[in-house]
Amino acid sequence: MIDARLLDAVGAVIAAHARPDHIPLIGIAGAQGSGKTTLARLAAERLGAAYLSLDDVYLTKAEREAKGRAVHPLFAVRGPPGTHDLGLLEATVAALRAAGTADRTALPTFDKLADDRRPKAEWPMFAGRPTAVLVDGWCLGATAQADVALAAPINALERERDGQGAWRRAVNAELAGPYAEAFARFDSVLFLKAPSFDAVLDWRCEQEAGLLGLPPTDLPPARRAELAVFIQAFERITRHMLAGEVRADVTFDLARDRTISPPASGRS
């Protein structure tokens with residue numbers, strides 16, 4: 001269940017940036033499983049906004065595999081900066097902002113179980129002119145790290161598959177360049193801050209169980225182990241954001257059960 005304060009916060013930032021000639025672009029950031037997608041979808045439904053996820057503009061499987069061959073094999077794995085089609089995100093936001101009351105705008109969507117973007121014929125349509133465009137994303141607003149912070153690997157994935165640091169430096173360059181430019185176009189970003197990175201695995205397993213139609217306790221142990229490896233690709237930037245390295249206008253500190261622990265803090 002979404003805390004009413006979160007919905008109120010989304011409504012407030014939309015109202016603060018709305019003008020007759022301007023549809024606000026609002027980001028909702030947070031680690032995997034933090035509830036950002038649920039919040040964005042519910043807020044969009046209640047407020048007449050269009051909803052997009054950064055997850056829905058991943059590069060296609062073929063594009064990521066090609067990037068994996070050209071730059072580093074880890075770019076074949078969706079998730080980190082460098083695996084999204086930021087041009088598609090920008091074009092979709094522009095189309096929504098230009099839409100009239102009688103228009104219909106196609107919204108890209110990604111099939112996580114198939115690990116590929118759905119065919120355009122299957123994309124949902126947004127009808128009319130939105131009050132705002134809401135975009136959720138785990139790394140929205142994240143800042144790039146200093147070069148010195150990239151020197152040592154922080155987990156098994158980085159030690160075993162990126163020993164020389166080529167991948168993490170390439171990811172950081174994406175975050176410092178095209179992602180920073182994309183994030184700067186947002187009118188406002190709200191950050192749902194996890195209590196620690198340790199909570200993320202439990203949240204991600206709950207998310208996976210939901211995709212499979214299972215209670216969280218029935219997720220096979222082998223799949224949990226796979227997810228523990230998968231989230232290592234997100235660990236560096238997530239820890240960086242939890243340490244305060246995220247440009248957000250409002251930060252909500254979450255407890256492990258996703259309730260809000262004391263009041264929201266201002267821009268970080």
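Scroll up to find the structure.
Here is what the cut-offs are and how they apply
- Residues numbered from 1 in each chain as written.
- Predicted model: local features only at pLDDT ≥ 70, side-chain atom pairs only at ≥ 80, totals over all residues.
- Heavy atoms only, no water.
- Salt bridge = Lys/Arg side-chain N within 4 Å of Asp/Glu carboxyl O.
- Buried < 20%, exposed > 50% of the residue type's maximum accessible area, 1.4 Å probe, protein only.
- Helix = DSSP H or I, 4+ residues; strand = E, 2+ residues; numbered from the N terminus.
- Core = buried A, V, L, I, M, F, W, Y, C linked by side-chain atoms within 4.5 Å.
- Contact = heavy atoms within 4.5 Å.
- Phe/Tyr/Trp six-rings, centres within 6.5 Å; stacked < 30°, edge-to-face > 60°.
- Lys NZ or Arg CZ within 6 Å of the ring centre and 35° of its normal.

Visitor: Is there a simple way to explain the pattern of salt bridges in this structure?
Guide: Any two side chains of opposite charge can pair if their charged atoms end up close together. Scanning all chains against the criterion turns up 21 salt bridges. Taking the shortest distance from any N to any O, the salt bridge between D3 and R5 comes out at 2.9 Å. When its relative accessible area of 25% is taken as the criterion, D3 is described as partly exposed. R5 gets classed as partly exposed once you look at its relative accessible area, which sits at 44%. A salt bridge links K67 to E174; the shortest N-O distance between them is 2.9 Å. Taken together, the positions of K67 in helix α3 (residues 61-70) and E174 in helix α6 (residues 166-184) put the pair 107 residues apart, joining distant regions of the chain. For the pair K67 and E174, one class covers both residues: buried.

Visitor: Would you explain the nonpolar core in this entry?
Guide: Nonpolar side chains in soluble globular proteins generally cluster together in the buried interior. The biggest cluster of nonpolar side chains holds 76 residues, and the ones touching the most others in it are V10, L39, L52, V133, L134, V135 and I237. The element contributing the most residues to this core is α6, with 7 residues. Ignoring anything within four residues of it in the chain, the contact list for L134 reads V10, I14, I26, A40, A43, A44, A49, A50, Y51 and L52.

Visitor: How should the packing of aromatic side chains be read in this particular structure?
Guide: The relative placement of two aromatic rings is captured by the distance of their centres and the angle of their planes. Within the structure shown, the criterion is met by 4 aromatic pairs. An angle of 70° between the planes, with centres 5.1 Å apart, marks the rings of Y58 and F110 as edge-to-face. Within this pair, whereas Y58 is found in the loop between β2 (50-53) and α3, its partner F110 is found in strand β4 (residues 110-111), the two being separated by 52 residues in sequence. Among the residues examined, F110 registers a relative accessible area of 7% and is labelled buried. Members of the aromatic cluster, each reached through a chain of ring pairs, are W138, F230 and F234. Across the ring face of F75, the terminal group of K67 is positioned such that the distance to the ring centre comes to 4.9 Å.

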